[in-house]
Amino acid sequence: MKEKLIDNYNRKIDYLRLSVTDRCNLRCTYCMPEGGIKLLDRRELLTYEEILRVVRILSELGIKKIRLTGGEPLLRDNILDLIEGIRNIPGIEDLSLTTNGTLLRKFLKDLYSAGIRRINISMDSLDPKKYREITRGGDLTKVLEAIESSVEMGFESVKINVVLTSLFDWKDSLEFIKFAIEKPVSIRFIEMMSISDLDTVECSSNLINIDKPKVDIRSIFESMNKFGKYCKIKEPLGFGPAVYYRINGSKGKIGFIINKRESCYYCNRIRLTSKGSIKLCLFSSLEIDIKKELRGGTDNERIKKLIKSFIKRKPKDRNSNIKCKVGSDLKIASFMNKIGG
Ligand code: SAM
Ligand code: SF4
């Protein structure tokens, strides 16, 4: 009989965020410092064989849904081979991808053939200049073309992640709402998060400031009124904390991901980082070095046991973990590209 991963707060863990690389072709201001980060030596990245072994073990423990992320997952060589490998693992019911979209268009056909049906694309502004500034050099046209092609190709779900940066203003919010009215995609407004991961990054030297956006996520919600009546979508549209709405007559949906501890009470996910550690929470520096076990000859049954007991340490919520405070401001002290957002 299949086992289950249940934590100490009775949360069933069945969702894995799998970071396949720490490399990225963009340098989003809230995710990576301008000069980049010290990249892992390629030998430190889990190989595909190792990733598939961990996924097999996790699927026997009840993991059913996997989202590939990074860094930029499409930068990893032969990513389609990994996708096909994961698809063939019994028990994995859903495999999806989060990408910055800049390289996506040329991969779309193969991703579809390999069984990916749900794609999240990050695009923090519809203004090319602002987009370039936020991503430090990204070309918005490529992302828009990829979104268009994903919709045409019939992907079941195309979600656009919009992190609210300090450049985000009222006009941006209205443009994105119009985008969701006109296109069958879900726009997800995401409040920026602070992540502390002090075991791997020195708090004092690697800080990214989180400046507030010019418009608050709650006022974006209120502004939906301007476009007509809207209703909350009852059925879940994914496995995460977003709450979705549809404005009458719109083709797409609008979602909100608010950075609040209450979302943690239903958290069903763990992460496998590109360097081969399992993390229980984005906001916690707690991790278990699975690569060491894989490369050190530990057998699968022993690894399973380690994971099962580690799960019991999953923190109750994001506020249980915060350790890095500088003055009164909380800062990001790790990089999402390493952990996998
Ligand atoms: N490179 C891919 C991308 O940008 O979609 C995948 C990795 S990225 C780390 C995954 C998601 O995390 C993106 O949607 C990104 O906007 C989000 N992200 C990164 N840092 C964040 C932060 N501090 N707060 C909220 N979201 C963040
Ligand atoms: Fe790269 Fe994604 Fe981080 Fe932007 S958010 S720097 S695209 S990993």
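The structure reproduced in this document is the subject of the present report. (Residues numbered from 1 in each chain as written. Chains lettered and ligands numbered in written order. Predicted model: local features only at pLDDT ≥ 70, side-chain atom pairs only at ≥ 80, totals over all residues. Heavy atoms only, no water.)

### Observations concerning the site of ligand 1
Y30, G71, S122, N161 and M193 are the nearest of the 17 residues found near ligand 1. At a separation of 3.0 Å, an oxygen atom of ligand 1 approaches a polar side-chain atom of Y30. A distance of 2.9 Å separates a nitrogen atom of ligand 1 from a polar atom in the backbone of M193. Broken down by secondary-structure element, the contributors of at least two residues to the shell around ligand 1 are β3 (94-99) and β5 (157-163). (Near = heavy atom within 4 Å. Polar contact = N/O pair within 3.5 Å; in protein donor to acceptor, adjacent residues only side chain to side chain. Helix = DSSP H or I, 4+ residues; strand = E, 2+ residues; numbered from the N terminus.)

### Observations concerning the sheet that holds strand β7 (residues 230-232)
Strand pairing in a sheet takes place through backbone hydrogen bonds and is either antiparallel or parallel in direction. What the twelve strands build is an open sheet, ordered β7-β8-β9-β6-β5-β4-β3-β2-β1-β10-β11-β12; its pairing is mixed. Sheet topology places β7 and β12 (287-289) at the edges, where each strand pairs with a single neighbour. Neighbouring strand axes in the sheet, compared pairwise and without regard to direction, differ in orientation by 25 degrees on average. Strand direction decides the pairing type here: β5 and strand β6 (residues 186-190), joined by five bridges, are parallel. Paired with V162 across the two strands is F189, which belongs to β6. (Pairing = 2+ DSSP bridges. Axes fitted to C-alpha atoms, helices over the stretch in contact; angles between N-to-C directions.)

### Concerning helix α3 (residues 104-113)
Buried residues of α3: L104, F107, L108 and L111, and no others. The buried residues of α3 occupy one face: seen down the axis, they fall within an arc of 135 degrees. Summarising the geometry of α3, the exposed residues directed more than 90 degrees from the buried face are K106, K109 and S113. Structurally, α3 contributes buried residues whose contacts are with α2 (79-87), β3, β4 (118-122) and α5 (140-153). After α3 finishes, the residue G115 shows a positive phi value of roughly 105 degrees. (Buried < 20%, exposed > 50% of the residue type's maximum accessible area, 1.4 Å probe, protein only. Arc of directions from axis to C-beta. Contact = heavy atoms within 4.5 Å.)

These values are about where atoms sit, not about what they do.
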